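Overview (structure and organization)
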Amino acid sequence: MAQSSWSEYRPGQRFPGVIGRTTDESSPAWPQPVRAVAGAPNVLFIVFDDTGFGQLGCYGSPIETPNLDALAAGGLLYNNMHTTALCSPSRSCIITGRNHHANGMAAITELATGYPGYDGRIPFENGFLSEMLLQHGYNTYMVGKWHLMPSEQESAAGPYDRWPLGRGFERFYGFLGGDTSQWHPDLVYDNHQVEPPATPEEGYHLTEDLVERAMSFIADAKQVAPDKPFFLNLCTGATHAPHHVPAEWADRYRGRFDDGWDVYREQTFARQKELGVVPQDARLSPHDPDVPAWESLTPDARRLAARMMEVYAGFLAHTDHHIGRLLDFLKETGEFDNTLIMMVSDNGASAEGGVTGTTNELQFFNNAPEALEESLARIDEIGAPTTFNHYPWGWTWAGNTPFRRWKRETYRGGTSDPFLVHWPAGIRARGEIRGQFAHIVDMVPTVLDVLGIEAPATIRGVTQSPIHGVSFAHTFDDADAATRHRTQYYEMLGHRAIDHDGWRAVCPWPGPSFAEAERPFGTPITVTDLDDLDAHHWELYHVDEDIAETRNLAREHRGKLIEMIALWYVEAGKYNVMPIDGSAFERVMTERPQITENRTGYTFRPGTQVLPAAVAPPGPEPAAQCRRRRRDPARRRGGRPAVPGRQRRRLVALRQGRPAALRPQLRPAGPVSRGLGRERARRAARVAFRVRAHRRPGHGPRQGRARPRPALHRRPPRR
């Protein structure tokens, strides 16, 4: 483009032109468009879901992830990156650079309670990286999982100020809740719901769709402004349940996991040492008390568990393949070398499949595990549209090798996760490992540091809070550089920990494992409980020498432990962690403010959008989904009494324009929990439930179908 013949000025500055009585004695000037600094790099975050430390090929796993491995080979692999142990809290840290309680994200948004650190509403003074980069001439795209807003605000009534387009992203394509079907996803395009562009029979899969949309967003802008950099936050649904993948991908791993999870751990740990991912003198954490020995399973149980892992491996490999398509696109367009890529998982591998795994994850959350015979009858369907499958705890534990425990707990199995950095134009080092302590709150300040951008004082007139993380850009080309992040607290559903200068203290709740706990998961913490926990149940590890928390030094270093406990409370005071809350079911059942209070009727119109469960009418649910199975072994072992991130939709059947039945649709998709039946029945007793069918002109009674949604999404057949 030719040099402009006009003058420009920054908005807010004095007009530099001349204003006369007429244009012939005047000189124009224009407000200067926001332009990025010449040569500014693109920024790409790739956020995986529930992917453990020992599940990528470059971290020693037998699962083939060649495209992620190539990022590690051409960039840096960090082996000491930390998360919050749960998805929404981690995602809030990744995008703001602030700790999760300071973001109001103590847990997932479906567990929000009425305290500043827990209400599920990220304050506007905690600006998003997207909002920051908009001010510096970047295009900003959000693709995939969001899960950063109250469930009550996910409907068409809004408000929209906490949707992606309200928090600095110019384009959005993905899903708002915690998980969704990979075959029939609940899609939102910008600010409105859309249907998938194809069906599974036509070859549709969500991961491929997300990558296609990401590439189209970039291409749309680049063909107009080729020098304008972009920020893309790509958050796959993988590898969160359901582990949905075309059968041919799963079949590539047939027989590869027949030796079981114990062998997987040993072999992965050996490869981690060979690759330098863990020190040569590292010790593998001991066998988890909640995980049965592989050899103790029956042949049928082993066959089922092995197939579930084959499907998971295919799911991860399939995702890696499509990430590779995006990377190839960046290479073809000449953007790859000057794109700062950070790949991370939001927490450790997930234990939401129960001891045995399941073909429908909702069963685990209802403490109604599927019988082995029923699972075996559907073994060939695992990963297909008729299932909502999740693997057993044994594969969870193995997926976090070499660490103990898993997602939702603040042992390192929940909080230490894979992290890769790749930027050929800005990092000289290739294929090296970095061991400096870091936390995901450090990602935003690192990006700002690299770009030479100061964190803004205000965003849209809102004074901004300080960023909590610190840049680790100084480690890019200096393997021996000291970490600048010395202290980091953790708290997740009452499970607490703190890292400080190579030491780590952990206070598990309700115990180190379900088998060792005296109470079930989700038990509230009383003042008496807290006093007892602080006096007797903190553990101490010197993780500089014992990365997998295998030797509890609490007795030998009592003074150090007391120092660490005190430091945890200091950090908790800074970041809105109090009050400590170990409950789960009670948090699910918390009534939250609604846009419209005291509803006495509902009117559904054809052609309208789906109602998220959080704003749907109250009504009965199947008794089988509501009753608590107290004899279930998983319950005795501390199985979870709450369902984060699942949704039951209700379909209202109309006959002659009148409601004939209220039928729950049991496909898990968005955010609701098990055990809500009694409470909703009580609410239903207080509410006169009315549905009016509004027909379009010229249409008969059958056209008066009520929403939420036609039965487009399939649910697993009843057995």
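1. A few points about the sheet that holds strand β10 (residues 230-235)
- Taken together, the ten strands give an open sheet; going across it, the order is β9-β8-β7-β6-β10-β3-β11-β12-β4-β13, and neighbouring strands pair in mixed fashion. Edge positions in the open sheet fall to β9 (192-194) and β13 (432-434), since each of these has one partner strand only. Each strand axis lies, on average, 15° off the axis of its neighbour in the sheet, ignoring direction.
- Both strand β6 (residues 139-145) and strand β7 (residues 171-175) contribute to a ladder of five bridges, which runs parallel. Across the sheet, Met142 pairs through a bridge with Phe172, a residue of β7.

2. Section: the packing of helix α4 (residues 206-222) against helix α7 (residues 299-332)
- Contact geometry for α4 and α7: axes closest at 9 Å, N-to-C directions at 15°. By the criterion of interaxial angle, the relationship of α4 to α7 is roughly parallel. Handedness of the crossing formed by α4 with α7: right-handed. Contact with α4, carried on its side by Thr207, Glu208, Val211, Glu212, Met215, Ile218 and Ala219, involves His318, Thr319, His322, Arg325, Leu326, Phe329 and Leu330 of α7 and no other residues of that element.
- The class makeup of the residues in the contact of α4 with α7 is seven nonpolar, four polar and three charged.

3. Considerations on the pairing of strand β18 (residues 495-500)
- β18 sits mainly inside the fold: six of its six residues count as buried.
- Here β18 shows a buried face lined by His495, Ala497 and Asp499 and a second buried face lined by Arg496, Ile498 and His500.
- Pairing of strand β17 (residues 487-492) with β18 involves six bridges; the strand directions are antiparallel. Residue pairing across strands places Gln488 opposite Asp499, the latter belonging to β18.
- Here β17 hands over to β18 after two residues, with Leu493 in that stretch at a positive phi of 55°.
- Connecting the antiparallel pair β18 and strand β19 (residues 503-507) is a turn made up of two residues, with Asp501 showing a positive phi of about 50°.

4. Some details on helix α1 (residues 66-74)
- Taken residue by residue, α1 has Leu68, Leu71, Ala72 and Gly74 as its buried positions.
- Taken together, the buried residues of α1 touch β3 (42-48), β4 (76-78), α7, β11 (339-345) and β12 (419-422).

5. Re the pattern of salt bridges
- Scanning the entire structure with this criterion turns up 33 salt bridges.
- Put simply, Asp49 and Lys145 hold a salt bridge, and the shortest N to O gap is 2.7 Å. Of this pair, Asp49 sits in the loop between β3 and α1 while Lys145 sits in strand β6; the two residues are 96 residues apart in sequence, bridging distant segments of the chain.
- A residue is classified by how much of its surface remains accessible, and Asp49, at 0% relative accessible area, is buried.
- Since its relative accessible area comes to 0%, Lys145 is described here as buried.
- Close ionic contact of Glu335 with Lys222 constitutes a salt bridge, the shortest N to O distance being 3.4 Å. Placement of the pair is Glu335 in the loop between α7 and β11 and Lys222 in helix α4, with a sequence separation of 113 residues.
- For Glu335, a relative accessible area of 14% translates into the label buried.
- Relative accessible area serves as the criterion here: at 15%, Lys222 is assigned to the buried category.

Criteria and thresholds
- Starting from 1, residues in each chain are numbered consecutively following that chain's sequence as written.
- Reporting in this predicted model follows two pLDDT cut-offs: at least 70 for local features of residues, and 80 or more for side-chain atom pairs to be given and counted; totals over whole chains, interfaces and linings ignore these cut-offs and use all residues.
- Side-chain figures throughout are based on the complete set of non-hydrogen atoms in the structure, without hydrogens or water.
- When DSSP finds two or more bridges between a pair of strands, those strands are recorded as paired.
- Secondary structure elements follow DSSP: runs of H or I of four or more residues count as helices, runs of E of two or more count as strands, with numbering from the N terminus.
- Note on definitions: angles span 0 to 180 degrees between N-to-C directions of axes, and those axes are lines fitted to C-alpha atoms, for helices only across the stretch in contact.
- Here the angle decides the label: under 35 degrees means roughly parallel, over 145 means roughly antiparallel, 65 to 115 means roughly perpendicular, and every other value means oblique.
- By convention the crossing between two helices is left-handed if the near helix lies anticlockwise of the far one by an angle smaller than a right angle, and right-handed if it lies clockwise.
- Only heavy atoms matter for contacts: two residues are in contact if any of them lie within 4.5 Å across the pair.
- Gly falls in the polar group here, along with every residue not listed as nonpolar (Ala, Val, Leu, Ile, Met, Phe, Trp, Tyr, Cys, Pro) or charged (Asp, Glu, Lys, Arg).
- To sort residues, take the accessible area from a 1.4 Å probe on protein chains only and compare it with the maximum for the residue type: under 20% means buried, over 50% means exposed, and anything in between is partly exposed.
- Basic side-chain nitrogens of Lys or Arg form a salt bridge, by our definition, when they fall within 4 Å of a carboxyl oxygen of Asp or Glu.

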